[in-house]
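Per-entry structural report
The primary structure of each chain is shown beneath.
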Amino acid sequence: MRIGEVISQHLYPAVSRISLIVVIALGAGLFPADALPQVAARHGMVVASEPLAAEAGLGILKAGGNAVDAAVAVGFALAVTHPQAGNIGGGGFMLIRLAGGEAVVVDYREEAPGAATRNMYLDERGEAIADASMVGARAAAIPGTVAGLALAHKKYGKLPWTRLLQPAIRLASGGFPVSYDLAKSLRSESGLLSRDPESRRIFLRNGREYEAGEMLRQPQLAGTLRRIAASGPRVFYRGAIARAIAATMEKRRGLIRIEDLRQYQARLREPLRGTFRGDEILSVSPPSSGGVGLIEMLNVLEPLDLGTPNSFHSIRIIAETMRRAYADRAAYLGDADFSSVPSHGLTSRAYAAKLREEILQSRAEIPVQPGKPLPYESSETTHFSVVDSAGNAVANTYTLNGSYGSGVTVEGAGFLLNNEMDDFTTQPGVANMFGLIQSEANTIAPRKRPLSSMTPTIVVHDGKVQLVLGSPGGGTIINTVLQVLLNVLAFKMDIRRAVASPRFHHQWMPDQLVLEGWGFSADTIQKLEEAGYKLEYREHMGACEAIEIDTQTGWRFGAADPRTGGKAVGY
């Protein structure tokens, strides 16, 4: 039985305080890290949230492909086997670090259609229209995944493009057995999927819901993938697939048009760089807030004695750092191509020192306001990590935003479209679906990319890749990556323990400290309450898929997060 199933039986939706303490006190024993299989490999490693997709990537590595080739194969395979987040109708970020030292971010974040307007989700009174930015065709932004994977392959791939799509095509045409998790997910989102006739037909079989073990075949998606394999991204943005997207949009009253698809381009960006106790940290820059938030927090925490992991002292220091980083996120971050974003100020050592002094004197009940950095110079996501035999590494996070995105499937093409427009600021000061408050810098505009929390990250030690990681989880993503990094770099855990360790989260607003409902001692809980923290509990947060490399021996160690059904595979 999994952690989630144990907790859902004993902790949710509400229990007495005595029961809660018992569960938390026993939590550390619910999932000991030593129970996770040790996945070690001498040459290549793939860790993904769905086993068949991980195996697809490993097959590419064994066939002579490099890390980018394998990442492309995993990305397309997840679009088949993990439809709640894997996609060709969404977007994301790929962080690549080559063995020779070159590093780049492929930004394939979605963009607002040309017809999008600042107040498109508000009624005549200026109030947000319920679900308008989350459900249906008008919630969809221009997809970037196909362009992004193609750009990564063109610049850094090794094997032929057509070879990389073959695993996904086989899985779509021949089918695959529906896992327990997928069957449960489809049932839980049947309300969303049933709103769209194509989604209802494909994913709900017009009311005959899939049971675990049944085969899911997607012939229309297989046809789409064959077209992409044969013609590359052109067919998606200018050819038959583009026409299918535009026709579905017009029929469902969405905004994406052929011209929107024609103009879309994935972009190469410089990674955001920082350091932590001698190691180099590589992550993503805006329009993701992930790298800025991660490096800002690491700068604050670097010189501090964090004590014992998940102790009251450790949680308090880290939670107060989270509060301030997320307050800054809400105030300053957006698409740097459209507005001035103070990335350098927020990640400066001088600003970190100011925050650190404030944190050391802070109390939980004192409100936190966004800081004043130096002058200017988004729950359903999935992450996978890849390292090849040469030492090239890829950390890729991509998404449909909400589970199954907008719920709209492109007619005749078999794939779901995102609901990424909800990651824009529909109303300044009003929270999005993840409870995140957004800034004026993130308001809707044509061709603009919405602010993201995706945080694919690579750590380099003495010139060699040491860690490759990232996570889904909406607003919790940055804090999940932070805690796994700290577990390895500060608390000296191996990657299994680092990933399996219980997590907590503070995002400034709402002003509450969220804990996973296991693994924290009753004494720690009591001290946090006495210190004034408003505690909330979740079954789990994030799903970090990570690789650690012993930079002395070259051995690779993979850790798939036990919170989900992922897999680490290597050779």
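Side note on the pairing of strand β16 (residues 535-538)
On β16, burial follows the alternation: L535 and Y537 on one face are buried, whereas E536 and R538 on the facing-out side are not. In this sheet, β16 lies alongside strand β15 (residues 513-516) in parallel orientation, the contact comprising four bridges. Paired with L513 across the two strands is L535, which belongs to β16. Note that the unit made of β15, helix α20 (residues 522-530) and β16 has a crossover that is right-handed.

Things to note about the packing of aromatic side chains
Here the structure, examined in full by the defined rule, presents six aromatic pairs. Centre to centre, the rings of F203 and Y404 are 6.4 Å apart; their planes meet at 55 degrees, and the pair counts as tilted. Take F203 and Y404: they sit in the same class, and that class is buried. Taken together, a centroid distance of 5.8 Å and an interplanar angle of 10 degrees make the contact between Y237 and Y264 stacked.

Topic: the pattern of salt bridges
Tallied over the full model, the rule gives 29 salt bridges. Of the charged contacts in the structure, one is a salt bridge between D511 and R323, with a shortest N-O distance of 3.8 Å. Taken together, the shared-partner salt bridges in this structure form one network comprising D107, E111, R267, R269, D337 and R449.

Description of unusual backbone geometry
Note: most peptide bonds trans; most residues except glycine with negative phi. The omega torsion across P286 and P287 is 20 degrees, close enough to zero to call that bond cis. Of note, P287 is situated in the loop between β9 (279-283) and α14 (290-301). For the peptide bond that leads from M509 to P510, omega is 0 degrees, which places it in the cis range. Inspection of the secondary structure puts P510 in the loop between β14 (504-505) and β15. One non-glycine residue, N206, adopts positive backbone phi at about 55 degrees. Its place among the elements puts N206 in the loop between α9 (197-203) and β6 (215-216). Although it is not a glycine, R277 sits at a positive phi angle of roughly 50 degrees. Here R277 lies in the loop between β8 (272-276) and β9.

Describing the sheet that holds strand β12 (residues 457-461)
With antiparallel pairing, the seven strands of this open sheet are ordered in space as β1-β18-β17-β13-β12-β9-β8. Strands at the two margins of the open sheet, each flanked by one partner only, are β1 (39-41) and β8. Direction aside, neighbouring strands of the sheet carry axes that sit 25 degrees apart on average. Those strands touched by α14 are β8, β9 and β12, and its axis lies near 20 degrees from that of β8.

What to know about helix α12 (residues 240-252)
Compared with an ideal rise of 1.5 Å per residue, which puts 13 residues at 18 Å, α12 spans 18 Å between its outermost C-alpha atoms and is within 8% of the ideal. Among the residues making up α12, those that are buried are I241, A242, A244, I245, A246, T248, M249 and R252. For α12, the elements touching its buried residues are α9, α10 (219-231), α11 (233-237) and α13 (258-263). Within two residues after α12, R253 carries a phi angle of roughly 65 degrees, on the positive side.

How each quantity is defined
Just so you know, the residues in each chain are numbered from 1, in the order the chain's sequence is written. Residues qualify for local features only when their pLDDT is at least 70, as the model is predicted, and side-chain atom pairs are given and counted only at 80 or more; totals for whole chains, interfaces and linings, by contrast, use all residues. Derived side-chain values reflect all non-hydrogen atoms in the structure, with water molecules and hydrogen atoms excluded from consideration. Whether a residue is buried, partly exposed or exposed follows from its accessible area with a 1.4 Å probe, protein chains only, as a fraction of its type maximum: under 20%, in between, or over 50%, in that order. Secondary structure follows DSSP: runs of H or I at least 4 residues long count as helices, runs of E at least 2 residues long count as strands, and numbering of each begins at the N terminus. Should DSSP find at least two bridges between two strands, the strands are regarded as paired. The definition of a right-handed crossover adopted here requires that, viewed with the strands pointing away, the path from the first strand over the helix to the second runs clockwise. The aromatic pairing rule takes the rings of Phe, Tyr and Trp, using the six-membered ring of Trp, and pairs them if the centres are within 6.5 Å, calling planes under 30 degrees apart stacked, those over 60 edge-to-face and the rest tilted. Salt bridge criterion: a side-chain nitrogen from Lys or Arg within 4 Å of a carboxyl oxygen from Asp or Glu. Angular values range over 0 to 180 degrees, each being the angle between N-to-C directions of two axes fitted as lines to C-alpha atoms, with helices fitted over their stretch in contact. A contact between two residues is defined here by any heavy atoms of the two lying within 4.5 Å. Helix span is expected to be 1.5 Å times the residue number reduced by one.

Shape descriptors only; they carry no functional weight alone.
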